[in-house]
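These are the residues of each chain, in order.
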Amino acid sequence: MKRKVLLMGQSGCGKTSMRSLIFSSYRAADTRRLGSTLDVEHSHVRFLGNLVLNLWDCGGQQSYMDSYLEKQRSQVFSTVGVLIYVFDLVGAEGGEEGQTEWERDLRYYKDCVSALYQYSPDARVFCLLHKMDLVDKSRRASVYSQRVKELRRKSREVAHAAGGGKEGFRVHCFATSIWDESLYRAWSRIVQTQIPSLGVLERHLQLLADTCCAGEVVVFERTTFLVIAKAAGSTSTAGALSSSFERSTLTSPSGGFTYDEEEEGMEGFRDAQGRQTSTAGLGSGFGSGFATHHDTPASTTKPSGLDPERFEKVSELIKNFKLSCQKLPAKSSQCEFQAVELKASNFSAYIDSLTSNTYIMILVTDPAVQMASVKLNVQLARDHFE
Ligand code: GTP
């Protein structure tokens, strides 16, 4: 099954960087030496065995953009499954010049969405407000929400101009940076929309979680380590907590702000001050989340302390660990990442391969559960999931 994914945005906004990080094992610092993309760079990424992402990295220089919208219009915008439009937020801090840049970006975005509306009306549209690390922390939440509002307005204008009185595309936005796990979160969410039978996979994971008495179970794609699916053990209050929490409140790692996913499109960033959201690291994300969820103020149904980006943090950590393994001297180049076991005072986690295309992470908070039995269950489940 093939899915055409258009990666668009103005030159230098970071398209090739994110592609290289997610799909080609680059580190963030390596992207500084990337040159400008000439025209369109095509790549086919096999994902989970039978899903092939046909990535079109569309060079963002003005002459190319004009050509996509005119001469190559039908070729570029036909049969698209997903449009990922990347905005460089550097301009957001750049005063008048920044505003002009943003407006130019918006015009191109509107033209691209318009072309997509014409040729691939069923496509999904994702906007990445990128290089968030370069925006001053105190302004991130307001910059994000303001930009998202404008993007939604533009998208509605396109539908209106098309005369159908339709709602237009539902635009999903993410704040991203190559310097933290926000990029993994965005891309995980994007690819999840393209995976058929995700619900079935999640139901089976739920069974496995219950069999292992696990708090949470997460499946990662093997090469990208993007989060594919997850389930919370039904016997675990922590697990139930995590899934309801994830649906309601998300925390960005790079700024301590949150956005609300219940409002479609994840557009409503809010200042996290006064809430008990956490931007803590992996350990405390897991640990304190499980340990302190009863402390959540009754006034909010959104529990605290559990880092909603904890799985993407794992993605980033393991990906870097795998890269470190590969960098070992030639003689030991056979050294490949296989499995990891983590132990903390209030939880244990076990990561191992599940199928030929995936890894699984099982998280256990009950001290009575033996890791050996979890491993055995994973071993027995392999054929079933393959
Ligand atoms: P074209 O190929 O010309 O369309 O550009 P592009 O959108 O592919 O940009 P590219 O990925 O080449 O990135 C341009 C520069 O932005 C590189 O120096 C990257 O290191 C830098 N960059 C990419 N993402 C980020 C980010 O999240 N934060 C920061 N600070 N820099 C980034």
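A brief look at the structure comes next. (Residues numbered from 1 in each chain as written. Predicted model: local features only at pLDDT ≥ 70, side-chain atom pairs only at ≥ 80, totals over all residues. Heavy atoms only, no water.)

1. Some words on the overall build of the protein chain
In step 1: In terms of regular secondary structure, the protein chain is built from 11 helices and 14 strands.
In step 2: Expressed as a percentage of its 386 residues, the buried residues of the protein chain come to 55%.
In step 3: Look at the contacts in the protein chain between residues 6 or more apart in sequence, and 69% of them connect residues 24 or more apart.
In step 4: Accessible area for the protein chain stands at about 17100 Å²; split by element, carbon and sulfur atoms hold 49% of it. (Helix = DSSP H or I, 4+ residues; strand = E, 2+ residues; numbered from the N terminus. Buried < 20%, exposed > 50% of the residue type's maximum accessible area, 1.4 Å probe, protein only. Contact = heavy atoms within 4.5 Å. Areas by Shrake-Rupley, 256 points an atom, 1.4 Å probe, with all protein chains shown as cover.)

2. Re the site of the ligand
In step 1: Taken together, the neighbourhood of the ligand is formed by 21 residues, with S11, S17, S36, T37 and G60 sitting nearest.
In step 2: A distance of 2.9 Å is found between an oxygen atom of the ligand and a backbone nitrogen or oxygen belonging to G12.
In step 3: In this structure, D133 approaches the ligand through a side-chain N or O atom, which is 2.8 Å from a nitrogen atom. (Near = heavy atom within 4 Å. Polar contact = N/O pair within 3.5 Å; in protein donor to acceptor, adjacent residues only side chain to side chain.)

3. Quick notes on helix α2 (residues 62-69)
In step 1: Turning to α2, its buried residues are Y64, M65, S67, Y68 and L69.
In step 2: Its buried side turned inward, α2 meets β1 (2-8), β2 (40-47), β3 (51-58), α3 (73-77), β4 (80-88) and α4 (95-119).

4. Considering the environment of I178
In step 1: Relative to the helices and strands, I178 is located in the loop between β6 (171-175) and α6 (182-192).
In step 2: A residue is classified by how much of its surface remains accessible, and I178, at 12% relative accessible area, is buried.
In step 3: The contacts of I178, once residues within four sequence positions are left out, are S17, M18, L21, A28, T31, H130 and L183.

5. Overview of unusual backbone geometry
In step 1: Positive phi, normally seen in glycine, also occurs at D39, with a value near 55°.
In step 2: A relative accessible area of 32% means that D39 is categorised as partly exposed.
In step 3: Backbone geometry places C213, a non-glycine residue, at a positive phi of 55°.
In step 4: Counting through the fold element by element, C213 comes out in the loop between α7 (198-211) and β7 (216-221).

6. Overview of the sheet that holds strand β5 (residues 124-130)
As a general point, the strands of a sheet are linked pairwise by backbone hydrogen bonds and lie either parallel or antiparallel.
In step 1: The mixed open sheet is built from 6 strands, whose spatial order is β2-β3-β1-β4-β5-β6. Edge positions in the sheet fall to β2 and β6, since each of these pairs with one other strand and no more. Going from strand to strand, the sheet's axes swing by 20° on average, the running direction of each strand aside.
In step 2: Bridging between β5 and β6 involves 5 bridges; their strand directions are parallel. Residue pairing for β6: F126 is matched across the bridge by H172.
In step 3: In this fold helix α1 (residues 15-23) packs onto β1, β2, β3, β4 and β5, with an angle of close to 155° to the strand it touches most, β3.
In step 4: Sheet strands touched by helix α5 (residues 140-161): β4, β5 and β6. Its angle to β6, the strand with the most contacts, is close to 160°. (Pairing = 2+ DSSP bridges. Axes fitted to C-alpha atoms, helices over the stretch in contact; angles between N-to-C directions.)

7. Things to note about the state of the cysteines
In step 1: Summed over all chains, the structure comprises 0 disulfides.
In step 2: Take C173: it sits in no disulfide, and the sulfur closest to it among the cysteines is that of C127, at 4.7 Å.
In step 3: Among the cysteines around C212, which has no disulfide bond, C213 carries the closest sulfur, lying 7.8 Å off. (Disulfide = S-S within 2.5 Å.)

8. What about the packing of α2 against α4?
In step 1: One way to put it is that α2 packs onto α4 with a least axis distance of 10 Å and a crossing angle of 25°. What the angle tells us is that α2 and α4 run roughly parallel. Seen along the crossing, α2 lies across α4 with a hand that is left-handed. Residues Q62, M65, D66 and L69 of α2 touch α4, and the partners they reach there are R104, Y108, D111, C112 and A115.
In step 2: Tallied by class, residues from the contact of α2 with α4 come to 5 nonpolar, 1 polar and 3 charged. (Parallel < 35°, antiparallel > 145°, perpendicular 65-115°, else oblique. Left-handed = near helix turned anticlockwise from the far one by under 90°. Nonpolar A, V, L, I, M, F, W, Y, C, P; charged D, E, K, R; others polar.)

9. Side note on the packing of α7 against helix α11 (residues 371-385)
Helix packing geometry: the angle between the two helix axes and the distance between the axes.
In step 1: Relative to each other, α7 and α11 sit at 160°, their axes nearing to 11 Å. Here α7 is positioned roughly antiparallel relative to α11, judged by the angle of their axes. Between α7 and α11 the crossing geometry is right-handed. Contacts between α7 and α11 pair L201, H204, L205, L208 and T211 from the former with N377, A381, H384 and F385 from the latter.
In step 2: Classifying every residue of the contact of α7 with α11 by side-chain character gives 5 nonpolar, 4 polar and no charged.

10. Examining the pattern of salt bridges
In step 1: This structure, assessed with the given rule, holds 10 salt bridges.
In step 2: We note a salt bridge from R19 to D57, for which the minimum N-O separation is 3.0 Å. Taken as a pair, R19 in helix α1 and D57 in strand β3 lie far apart in primary sequence, 38 residues in all. Summarising the burial analysis for this pair, R19 and D57 share the class buried.
In step 3: Here K131 ties to D88 by a salt bridge, and the two come within 3.2 Å at their closest N and O atoms. Residue K131 is located in the loop between β5 and α5, and its partner D88 is located in strand β4; the two are separated by 43 residues in the primary sequence. (Salt bridge = Lys/Arg side-chain N within 4 Å of Asp/Glu carboxyl O.)

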